[in-house]
Structure formats: structure tokens, C-alpha cells
Amino acid sequence: MAQVPLATVFTQQDLEDYSSSSTSASYISEEESSPLLELYQTASQDGYDLICVPLTNEAWRTRWKKMCLTDESGKQNEETERLAEDWRASEGPFLREEMNITRLDEAISSIGMVSEWLELDSLDDGVRYDAEIALKQELSFASYLNLQSVILPPPRNRQNVADYGRAINACLTSTSNYLHISIRIPIYDPRSASATSISDTPIAENVPLSAHARAPDGDLSTTWEMWDVIRTICGYNPRLSLTLDLSLPLPNSLGILSRWATEPCHHVFLPATSFISNAKGYPVLTRATQSFLRDLLKHNPTILFSRTKANVHQNGGHVAYAQYFRHLERTSPQVIAAQQQGTIENFAKGYWDYLQAPLQPLMDNLGSGTYETFERDPVKYERYEQAVYLALCDRSPTSRTVICLVGAGRGGIITRCLAALDRSRREGIIYAVEKNPNAYVTLQEQQLRWGTRVILIYGDMRKVNVLEQADILVSELLGSFGDNEASPECLDGAMRFLKPDGISIPASYTTYLSPVSSPRLHNEVLQNNGRGGPETPYVVMFQAVNTLSGEGGGLRGLCGTRVQECWSFTHPRRDAVVNEQGLPITNAHNTRSARLNFHIPNAGVLHGLAGYFEAVLYRDVGISIHPETQDHVSPNMLSWFPLYFPFKDPLYLPSNSELHVTIWRQTGKSKIWYEWYAESYLPVVSPPPPFGPQTPRNSGAQSQSSGSAASKFLTPNVPSPIASAVPSPTTTMASGRGGWNTTRVSVDIAPGGIRMGAEESTLFGDSTSGPHVTVIKIGQTALHNPEGRGSWTGL
């Protein structure tokens, strides 16, 4: 794995101080010397790959202010107004003395910083207009110098962040396609948190972070929401990225950190004050910061070190920061695992967040390279061998066992079945069925060493016949979502090979879903211009993906777990109606559907659903890609990546919201397909009506309200779906009493609209005297892939 780039940040004052004392270095001729090149050479000797400097200096700011800002009287003289209008019309040019970077050789090793004083989200229309012109001028000059990326200052005003985003989008449209724009965003805004926070006072510039420093309590979503607004306005432009500012202590919430870790983080701003001092006075990072930075390494960001020469720490000097980070990088478990053969990290090189269309095993014949990739997974084959071995051991030692293997491929599982026969010291024969004519050639070659214990049969398992019925039916037909490669349909056709008391390996498999956020995957789907792009499930090895759901049931206590079960298939299936050949007459028995309710603890954007499966092979032997069981059931198994169900349009989910997901497995005469859909709801608290006890209602009953006190209370307190849901005073007071106690479900119709499926809860006590928790629908997606119009699996 390549090392991440390191850069040192120079302020305008640093440049001025160095320039005043600069002399030409001996390694550069007098004609080529410049203070900036000397700075880079020094930084390179200190272990840095790049330098980060402001594009312009104070002279440009002074001229801009003179042209664009009025004096105290609110007026400008005629000459200044004419100069300003000429500048607005031409968008330039700069004067030489206003620029810090002017040469191509200086730009090669530099990251440019746009002027921090530009107010793209100013409350004043005129200031915003002139700031945008100035920004375009700076970006145009950066493109002229072939700078790879520039960093913009953070937005200042949450209410006007849309103005900021619109200006950035205009710049992305008008600048070079090779220039990347990165926006510096702090990990949270301490002003939006509790008033008693340690962050209410500014962090001293030359004081290291305390080892006991902590992030404030309260909502920490404001800065992420600002970033989300900007990148949404810019249409998830791949040239727009994030510079994450880690100047403040990290929050304790893993959900908040995971949310940032999935964003396109191309730079990380890490001042010397973010480091704590160890016992010897050297700079180190807290364990939480170490873990978070290692998680960010998957983006290969450039780490920007600032104030390293400010003597913040007693020992180590200015070079200690880069040295420490390189040590942190070398000892990263992910980096170490990526270098070890047999690990998922090593196997998945080149596959991370790469969209792959699911296989069509019934329609297409797989290539030898695909089989070889599968055969590189020792775990799957070991699990299969153990399952067959246990099944053989449960049979009489003197019995003769007939094993039928359907979908033999190139023979990997045949070899394992033979090994199980040898280990169990049982007599047996294997019938191997394979429809791929090319793989059948390889099987014939393999039979030279297998001998007469293996009988090969060429053809589709749904059409061929086997000489004798099997005691054990073995198949490896599972897809990333368990049944997405038509395993139920294939095994329906093979069940006629099985004796009435025979067993199937696998015996069952179960599918699971969880809601995820991934700007990277969303961008990849957008780049797929085909008709089925956003309506195709993709096989993906997840990396920059954040699971949005949490445990705990949500405010109403009605939500499920973080990853929820959809449905299961069990084999052999004995209740299907079959024809004279033993084949099902229709495929209706293989349709499935599931409605899942997820708790969303932290604000986020839904980009898709992550699909997993878990299979029971035999007894307690299984295989799993379920994120919470795979390390226990089948650790380091490589054969299956998760299945990603994308949503065409992102869906914003506030904190403490609920996401209701519905997914269908549909079948037809010649294909199977999935359809999926989601709705978002926001729990809100309403007090009980002020009048007497309510008449009990049956669950699901409907009632008409003509403006009750409860319905009027709801109206002004419904949080906006474009802002993080902050608990109302009623919610805070209620949760302080010990939590929720769900009592009944109803559907309420009020002047504010239908509260669909409104579910009422009370705090400890009588349901007629405490506040109620209802849910209000705040968003929904389109129905994806209806009738299999975008993707399907052929039969």
C-alpha cells in the first residue's frame, strides 16, 4: 500500500518571514531560485511530500476591499466604482505582487489555499456576488498553474449555506476539469452544542490538546449538514471533496465519526495542537484520533500539518509530527492485513467500492478466471468439507452414501467431498452435474485422478436425470444476497434427485438488509448511464460505506436491529406442487417480501441498502457475510461480497428518525427480480388532550380530529427534514423520566395532515395522562426496478 501524502501548511506570515530572510540555495541556480522552492526543499528534507500555501496575499485583499466595499457613508467615488465595474466585467487580472505562487515549478509541489476572507455566504447580496467573482478569478489562476487541488475556507453561515453551494457549483462548471476543489469543514461546530462545553472558549494556538479533552454534548450534525447541502447542490460532483478539520476533540459517538469516514475526504487538516503530549513530552494522538485517522486512510488523503514549528510540545521538534504519523501508518492493522496473503484486505485489492453486476449462472457460462477467483477462498471449501463430513458421520459406518453435487464448476467442491469420504471412512459415490460445456472439459481432466468414485453428468440440473437417488445433495449456488442467483429455483429442479429422507447442503439460507450511506457508491451509480444503473443491485466489497441504522428500538421502541432479517429458504422443500417430472408447476412459492423498520440515531443520507446472507450448511456448520456474524461463522471468507441496492435519489434522514424499507422478491416464467422502496418518518411528542379520559380504541382504528389541542401542539414543533432532529423540550423532559413505554397503535387524521400509521407511546404511567409519541412521514423514495425493468436474473 502506498504511503499517504504529507504536507506542511504555511500561513501568509510564514511566507513573509521566510521571504525576508531567504537566500538562494546552493542546489538551485540563481535564475531559478525562489523562496517557495526553497521552502519546498526544506519541507521535503523534513519528511513532507507537498507544501500548502495561500494563493494570494494581503495586497489582493486590500485591492478587493477598496473596489467592492463601501466606506462608512455607504458610498464610493466614481473612479473606484468604474474600476470595480471593469474588474467585474473582465474577472481579472491579478497584479504580480498579489500572488504567492506564480510559476509552474512552484505549483507542482503545492496545494493552493483560496483566500479565507471570501464570504460566499454573506448576508449581503453585493458581497456574495463580488466574492464569487474573486473566487472564480483565483480558481482560474490555479488552473493556469496546473494546480491539482485547492482548498476553500469553510462556510460561515448555516442559513446561507445554499448560497455558498450555488457559488461552488458555478465554479465547478466554469473551471478546468482537472482542478479539484476541496472545502475545509470542521468535524463539528462547538457553538451548536451545550453551553457548558469546554469548546465555548477558543483553543489556544500554542497549547497541546489535553488528554482528557472531550467533544461537547448535544447535536454535532451542523457542519456535516452544511457539507451535505453543498455537495448535493453540486450534484455529487467528483471534483468536489472534503478537507476535514480535526482541530477540535473528537466526539465520542461512533455514528458521527463513521458518517465523516465515508465522505470523499481528500485532505485532513491536523494542527500541532491536535496532538497531546506523552509522558516524555513528545507529540502523540489520542487512541480515538488514531483509530479515526486509520479509518480515513482508505481515502488516501493528504495530511496537512500546521503550526509544527510553534513549539507546542516540549520534545521532538517540528519533524516529530510527520515521523509519528508514518509510524501510525506502518502499524495500522489495515495496512498490515493488506500485505498478508489470505486476508480479506489482501484479496480485495482493486475491488473496494467497485460495482460489479451479479452473475447470471443460468444464462451465462462462467469463465475459467471467475472459477479460479472463487477457488482462492479456502474457508468456503473447508466449511463445505466439514458439513459433508458431519453428514457422513451421522450415517451408518457400513452404509454406502450417494452424493449428488449440482453445479460442479471446475471441481473444487468435488475434491472436498472426496476428502470428507476419506476422513469419515465411508463408502460412497459422487454424481457431479454441470451445465457449462467449457467447465465440463476441465472436469473430465480432473476425473483422471478422481477415478470411478466420481461420475460426471453434463446438462442443466432441472432437465437431466441421475442414475440413482442421492442421500446428500450438495450445491454451491448462493449469491451475495443468498437467493439472488436463483438458488431456490435451481434446487427446486434438483430435489427430484434426493431420497425421501435425504438432506441438502446447504440446509437453509437467510437474507439480511441494512440502510447505508456512501457518496462514493452513489457517484459510481450516477456514472452508469445505462437504463438499469440506479435499478440494478451490485456486488460490492464495501469500504467507504456507513451503516445508518442503530440498535435500541428508537424513540418508540418499535424499530428492529441494526441489520435485519428479510426472509429464508429451506431445503429440501417438500410442500411444493410438482408435475409428473417432479418439477414445480409455477414459481409462486419462491416469492418473498419483507417490511423492515430501522432506527436512525444520527442524521445521514440514505444512498442504498446493503444485502447480506447467512447459510446453515449442516448442523452447526455455516457460512456468513453478515457483518455481525461472519467473524464467528466463517472468518476471512472471500467468495462473496455484499449486494448493494442503490437509490436513484439520496434521502435525507434526520437524527432519531425511522426508516421503513420494503423489499420484494418477484418471480415470473423466465426471470426473478427484486423491487425496493423506502419511507422516512420522524417521531414527535405530543401531550394528551386536556379533556377527560379517552375512549379506548382498537388497534388500527381510524378517528377524525377537528383541530384538537394535541394536533395544534404538533404543528410548530415538527423538525425540518433538512436539519438534524433535535429533541424538543418535551422530549428532553420525558426521556429524563426513564424512557418510553409503547402502549397502542392508531391512525390519526389532523389538520396538519395524515399521520400515517401514527403510533402512540406514553411515559411511565397511564396512557391518558402522559405525552404521546407519533410519527410523521417526511420523505420517500421511488419504487425501484418495477417488473424487473432494470435488472433481473434469468431462468
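Structure's up top.
> I keep staring at the overall build of the protein and nothing clicks. Help me out?
For the protein, the count of helices and strands is 22 helices and 32 strands. With 795 residues in all, the protein has 54% of them scored as buried. By sequence separation, contacts in the protein at least 24 residues apart represent 80% of the contacts at least 6 residues apart. Roughly 35100 Å² of accessible area belongs to the protein as shown, and the carbon and sulfur atoms make up 51% of that amount.

> What is the right way to read the environment of Glu-263 from this model?
Inspection of the secondary structure puts Glu-263 in the loop between α9 (254-261) and β7 (265-271). Taking the C-alpha atoms as reference, Glu-263 lies 9.6 Å from Trp-227; in sequence the two are 36 residues apart. A polar contact is formed between the side chain of Glu-263 and the side chain of Trp-224, at a distance of 3.0 Å.

> Teacher, can you tell me more about the side chain of Glu-489 here?
The residue Glu-489 is located in helix α18 (residues 487-494) in this model. Within the structure, Glu-489 has its side chain in polar contact with the side chain of Asn-587 (distance 2.9 Å). Here the side chain of Glu-489 touches Asn-590 through a polar contact of 3.5 Å, side chain to side chain. Setting aside anything within four residues of it in sequence, one finds Glu-489 in contact with Arg-462, Asn-587, Asn-590, Arg-665, Thr-667, Ile-672 and Leu-795.

> Whenever I open this one, the sheet that holds strand β14 (residues 470-475) confuses me. Can you help?
The pairing of strands in a sheet comes from backbone hydrogen bonds and takes either a parallel or an antiparallel form. Read from one edge to the other, the open sheet built from five strands follows the order β13-β12-β11-β14-β15, with strand pairing classed as parallel. Each having just a single partner strand, β13 (454-458) and β15 (498-505) make up the two edges of the open sheet. The average undirected angle you get between the axes of adjacent strands in this sheet is 25°. With five bridges joining them, strand β12 (residues 427-434) and β13 adopt parallel strand pairing. When the sheet's bridge partners are listed, Val-433 is paired in β13 with Ile-457.

> Before we go on, may I ask you to explain the packing of helix α10 (residues 287-296) against helix α11 (residues 320-330) in this structure?
The relative placement of two packed helices comes down to the angle between their axes together with the axis-to-axis distance. Following both chains from N to C, one finds α10 and α11 inclined at 70°, their axes separated by 10 Å at the closest point. Relative to α11, the element α10 is oriented roughly perpendicular. Here α10 runs over α11; the crossing is right-handed. Of α11, the residues touching α10 (which contributes Gln-290, Leu-293 and Arg-294) are Tyr-324, Phe-325 and Leu-328. Of the residues contributing to the contact of α10 with α11, the split by class is four nonpolar, one polar and one charged.

> Explain the pairing of strand β5 (residues 180-186) here, please?
In regular strands, side chains alternate between the two faces of the sheet. Strand direction decides the pairing type here: strand β4 (residues 149-152) and β5, joined by four bridges, are parallel. Bridged to Ser-149 within β5 is His-180. Looking at chain direction, β5 and strand β6 (residues 240-245) are connected through six bridges and run parallel. The partner of Ile-185 across the bridge, within β6, is Leu-244.

> Looking at this structure, how should I read the packing of aromatic side chains?
Two aromatic rings are characterised by how far apart their centres lie and by the angle between their planes. Tallied over the entire structure, the rule returns 23 aromatic pairs. Every member of this aromatic cluster is reached through a ring pair, and the members are Trp-60, Trp-64, Trp-87, Phe-94, Trp-117, Phe-141 and Tyr-144. Just above the ring of Phe-269 sits the side chain of Arg-184; from NZ or CZ to the centre is 3.8 Å. In this structure, Lys-380 is placed above the aromatic ring of Trp-640, and the distance from its NZ or CZ to the ring centre is 5.5 Å.

> Help me understand the sheet that holds β4, please; the structure alone is not making it clear to me.
What the eight strands build is a closed barrel, ordered β1-β2-β3-β4-β5-β6-β7-β10; its pairing is parallel. Here the strands of the sheet are splayed against their neighbours by 30° on average, with no regard to which way each runs. Inspection of the sheet shows strand β2 (residues 50-54) paired to strand β3 (residues 110-113) by four bridges, in the parallel sense. Note on β3: the bridge partner recorded for Cys-52 is Ile-111. Packing of helix α7 (residues 161-174) onto the sheet brings it into contact with β4, β5 and β6, and relative to β5 it is tilted by some 160°.

> Is there a simple way to think about unusual backbone geometry in this case?
Glycine aside, a negative phi is what most residues show, and trans is what most peptide bonds show. A cis geometry characterises the amide bond from Ile-505 onward to Pro-506, with omega recorded as 10°. Tracing the backbone shows Pro-506 in the loop between β15 and β16 (508-517). The peptide bond linking His-571 to Pro-572 adopts the cis configuration, its omega dihedral lying at 0°. Structurally, the position occupied by Pro-572 is in the loop between β19 (564-570) and β20 (592-600). In this model, Ala-486 sits at a positive phi of 70°, which is unusual for a non-glycine residue.

> Where do I start with the pattern of salt bridges in this structure?
If the charged atoms of two oppositely charged side chains come close together, the side chains can form a pair. In this structure the tally under the stated criterion is 34 salt bridges. One salt bridge in this structure joins Arg-619 and Asp-394, with 2.8 Å as the shortest N-O distance. Residue Arg-619 is located in the loop between β21 (604-618) and β22 (621-624), and its partner Asp-394 is located in the loop between α15 (378-393) and β11 (400-406); the two are separated by 225 residues in the primary sequence. Asp-394 sits in the partly exposed class, given a relative accessible area of 43%. Asp-471 serves as the salt-bridge partner of Lys-499, at 2.9 Å between the closest nitrogen and oxygen. Here the residue Lys-499 occupies a position in strand β15, and Asp-471 occupies one in strand β14, the gap between them amounting to 28 residues.

Criteria and thresholds
- Counting restarts for each chain: residues are numbered from 1 in the order of the written sequence.
- This being a predicted model, a pLDDT of at least 70 is required before a residue's local features are given, and a value of 80 or more before pairs of side-chain atoms are given or counted; all residues contribute to the totals for chains, interfaces and linings.
- Processing note: side-chain calculations cover all non-hydrogen atoms of the structure and skip hydrogens and water entirely.
- Helix and strand definitions here come from DSSP, where helices need a minimum of 4 consecutive H or I residues and strands a minimum of 2 consecutive E residues; each element is numbered from the N-terminal end.
- For every residue, the accessible area obtained with a 1.4 Å probe (protein chains only) is divided by the maximum for its type, and the residue is called buried under 20%, exposed over 50%, and partly exposed between those limits.
- By definition, residues are in contact when any of their heavy atoms lie within 4.5 Å.
- For the accessible areas, the method is Shrake-Rupley and the probe is 1.4 Å, while residue cover comes only from the protein chains on display.
- For the purposes of these results, a polar contact is taken to be a pair of N or O atoms within 3.5 Å, where, inside protein, one atom must be able to donate a hydrogen and its partner to accept one; residues adjacent in sequence count only when each atom of the pair is a side-chain atom.
- Paired strands, as defined in this entry, are two strands with at least two bridges between them according to DSSP.
- Under this scheme, a helix contributes an axis fitted over its contacting stretch, all axes are lines through C-alpha atoms, and angles between N-to-C directions fall in the 0 to 180 degree range.
- Roughly parallel refers to an angle under 35 degrees, roughly antiparallel to one over 145, roughly perpendicular to one between 65 and 115, and oblique to any angle outside these ranges.
- Take the far helix as the reference: if the near one is turned anticlockwise from it by less than a right angle, the crossing is left-handed, and if turned clockwise, right-handed.
- Residues are grouped as follows: Ala, Val, Leu, Ile, Met, Phe, Trp, Tyr, Cys and Pro are nonpolar; Asp, Glu, Lys and Arg are charged; all remaining types, including Gly, are polar.
- Within 6.5 Å between ring centres, the rings of Phe, Tyr and Trp (the latter by its six-membered ring) count as paired, and their orientation is classed by plane angle as stacked under 30 degrees, edge-to-face over 60, tilted in between.
- In this scheme, Lys NZ or Arg CZ marks a charge over a ring once it lies within 6 Å of the ring centre and within 35 degrees of the ring normal.
- Any carboxyl oxygen of Asp or Glu that lies within 4 Å of a side-chain nitrogen of Lys or Arg is treated as forming a salt bridge with it.

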